[in-house]
Amino acid sequence: QVQLVESGGGLVQAGGSLRLSCAASGSKFSTNVLGWYRQAPGKQRELVATITRGGSTNYADSWKGRFTISRDVAKNTVYLQMNSLKPEDTAVYYCSGGWNVDPVYWGQGTQVTVSS
């Protein structure tokens, strides 16, 4: 059974930074692809970025380099470095996992709130 546990969310001021972490347990094969999605109130869950076990990344166009995804394969942990945060970034951020780019597993989510 694959479990994904996010951490690192919180309250920051606009322009600040946060680093989210997601520790995955279970088969590394089942978490060949790890990623981050976010969901703001009243909006659909949207892709932020994904990364494969081999280090191949995929970013949504919306963030234009403000966010960086990385992965520690040995620890089976994925990170999201978020810089220059804006109030519009306020959302619940979810860690995702699967054996391909289509997410199968989800974490509980971590709240990120950016104040003006």
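Before reading further, recall that the structure is shown in the block above.
Everything numeric here is computed off the predicted structure, so don't read it as measured data.

1. Here we look at the nonpolar core
Next, step 1: Among the nonpolar cores identified, the biggest contains 26 residues, and Trp 36, Val 48, Phe 67, Val 78, Leu 80, Met 82 and Tyr 93 are the most heavily contacted of them.
Next, step 2: Contributing elements (two or more residues each) for this core: β3 (18-25), β4 (33-39), β5 (46-52), β7 (67-72), β8 (77-82), β9 (91-98) and β11 (110-115).
Next, step 3: Once residues lying within four places of it in the same chain are set aside, the contact partners of Tyr 93 are Glu 6, Leu 20, Trp 36, Tyr 37, Arg 38, Val 48, Phe 67, Leu 80, Met 82, Gly 109, Thr 110 and Val 112.

2. Here's the deal with the pattern of salt bridges
Next, step 1: Per the counting criterion, the structure on display carries three salt bridges.
Next, step 2: Notably, a salt bridge pairs Arg 66 with Asp 89, separated by 2.8 Å at the nearest N-O pair. Remark: Asp 89 occurs in the loop between β8 and β9 and Arg 66 occurs in the loop between β6 (57-59) and β7; sequence separation between them is 23 residues.
Next, step 3: Linked through salt bridges whose partners overlap, the residues forming this network are Arg 38, Glu 46, Arg 66 and Asp 89.

3. A short note on a nonpolar patch on the surface
Next, step 1: A cluster of nonpolar side chains, contributed by Phe 29, Trp 99 and Val 104, occupies part of the molecular surface with about 330 Å² of accessible area.
Next, step 2: Looking at Phe 29, the relative accessible area reads 58%, which means it is exposed.

4. Observations regarding the state of the cysteines
By definition, a disulfide is the covalent link that joins the sulfur atoms of two cysteine residues.
Next, step 1: Enumeration according to the criterion identifies one disulfide in this entry.
Next, step 2: One disulfide in the model links Cys 22 with Cys 95; its S-S distance is 2.0 Å. Between Cys 22 and Cys 95, the S-S torsion sits near -85°, and that sign places the bridge as left-handed. Residue Cys 22 is found in strand β3, and its partner Cys 95 is found in strand β9; the two are separated by 73 residues along the sequence. As far as burial versus exposure is concerned, Cys 22 and Cys 95 are alike and both buried.

5. Re the environment of Gln 39
Next, step 1: You can see Gln 39 is positioned in strand β4.
Next, step 2: Sequence separation of Gln 39 and Thr 90 is 51 residues, and the distance between their C-alpha atoms is 8.6 Å.
Next, step 3: Once residues lying within four places of it in the same chain are set aside, the contact partners of Gln 39 are Gln 44, Arg 45, Ala 91, Val 92 and Tyr 94.
Next, step 4: In this structure the side chain of Gln 39 is engaged in a polar contact, spanning 3.1 Å, whose partner is the backbone oxygen of Lys 43.

6. Notes on the sheet that holds β7
Next, step 1: With respect to topology, four strands assemble into an open sheet ordered β1-β3-β8-β7, the strand pairing being antiparallel. Edge positions in the sheet fall to β1 (3-7) and β7, since each has one partner strand and no second. With strand direction ignored, the average angle separating the axes of adjacent strands in the sheet is 15°.
Next, step 2: Here β1 runs beside β3; their pairing, made up of five bridges, is antiparallel. Bridged to Glu 6 within β3 is Cys 22.

Parameters at a glance
- Residues numbered from 1 in each chain as written.
- Predicted model: local features only at pLDDT ≥ 70, side-chain atom pairs only at ≥ 80, totals over all residues.
- Heavy atoms only, no water.
- Core = buried A, V, L, I, M, F, W, Y, C linked by side-chain atoms within 4.5 Å.
- Buried < 20%, exposed > 50% of the residue type's maximum accessible area, 1.4 Å probe, protein only.
- Helix = DSSP H or I, 4+ residues; strand = E, 2+ residues; numbered from the N terminus.
- Contact = heavy atoms within 4.5 Å.
- Salt bridge = Lys/Arg side-chain N within 4 Å of Asp/Glu carboxyl O.
- Patch = residues over 30% accessible without salt bridge, like charges linked within 9 Å, V, L, I, M, F, W, Y side chains within 5 Å.
- Areas by Shrake-Rupley, 256 points an atom, 1.4 Å probe, with all protein chains shown as cover.
- Disulfide = S-S within 2.5 Å.
- Polar contact = N/O pair within 3.5 Å; in protein donor to acceptor, adjacent residues only side chain to side chain.
- Pairing = 2+ DSSP bridges.
- Axes fitted to C-alpha atoms, helices over the stretch in contact; angles between N-to-C directions.

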